[in-house]
Amino acid sequence: MKFATDKTATDEYTENEQMDKAFEKILEIAFDAGLLVFMTDEGNSYTQRVLIERPVIVKSENKFTLVA
């Protein structure tokens, strides 16, 4: 006999796995695209924050500068 809580726990676990896979895919795309990815140093992946920025290249006096 299964209890309702068993299904809820399984659904939450599956949802967490899906979010983890989506998060990994987003980071992979960002790195491949050359975007700047800043991550917090927190060890818990569920509270980890990520900032993804597009680098800006400024050309002045024949010099190129990467501005984050």
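Keep in mind that what you see is a predicted model, and the values were worked out from it rather than measured. (Residues numbered from 1 in each chain as written. Predicted model: local features only at pLDDT ≥ 70, side-chain atom pairs only at ≥ 80, totals over all residues. Heavy atoms only, no water.)

Visitor: Before we go on, may I ask you to explain the overall build of the protein in this structure?
Guide: The number of helices and strands found in the protein is 1 helix and 4 strands. Counted from the first residue to the last, the protein has its helices and strands arranged as α-β-β-β-β. A fraction of 15% describes how many contacts in the protein between residues 6 or more apart in sequence connect residues 24 or more apart. Accessible area for the protein stands at about 6200 Å²; split by element, carbon and sulfur atoms hold 57% of it. (Helix = DSSP H or I, 4+ residues; strand = E, 2+ residues; numbered from the N terminus. Contact = heavy atoms within 4.5 Å. Areas by Shrake-Rupley, 256 points an atom, 1.4 Å probe, with all protein chains shown as cover.)

Visitor: Mind showing me how you'd approach a nonpolar patch on the surface here?
Guide: Together, Phe23, Ile26, Met39, Val50 and Ile52 make up a nonpolar patch on the protein surface, roughly 370 Å² of accessible area in all. Every element with two or more residues in the nonpolar patch is listed here: α1 (4-32) and β2 (50-53). Inspection of the secondary structure assignment puts Ile26 in helix α1. We classify Ile26 as partly exposed; its relative accessible area is 48%. (Patch = residues over 30% accessible without salt bridge, like charges linked within 9 Å, V, L, I, M, F, W, Y side chains within 5 Å. Salt bridge = Lys/Arg side-chain N within 4 Å of Asp/Glu carboxyl O. Buried < 20%, exposed > 50% of the residue type's maximum accessible area, 1.4 Å probe, protein only.)

Visitor: Sorry, what's going on with the pattern of salt bridges here?
Guide: For side chains bearing opposite charge, pairing can occur when the charged atoms are close. Taken as a whole and judged by the stated rule, the model has 1 salt bridge. One salt bridge in this structure joins Glu28 and Lys25, with 3.6 Å as the shortest N-O distance. With Glu28 and Lys25 both in helix α1 and 3 residues apart, the pair spans about one turn of that helix.

Visitor: Got a minute to help me understand the confidence of the model for the protein in this structure?
Guide: Detailed reading of the predicted coordinates is not advisable wherever pLDDT is low. For the protein, the mean per-residue pLDDT works out to 77, and 71% of the residues sit at or above 70. Averaged over each element, pLDDT in the protein is lowest for strand β4 (residues 63-67) (63) and highest for β2 (87). (pLDDT = per-residue confidence, 0-100.)

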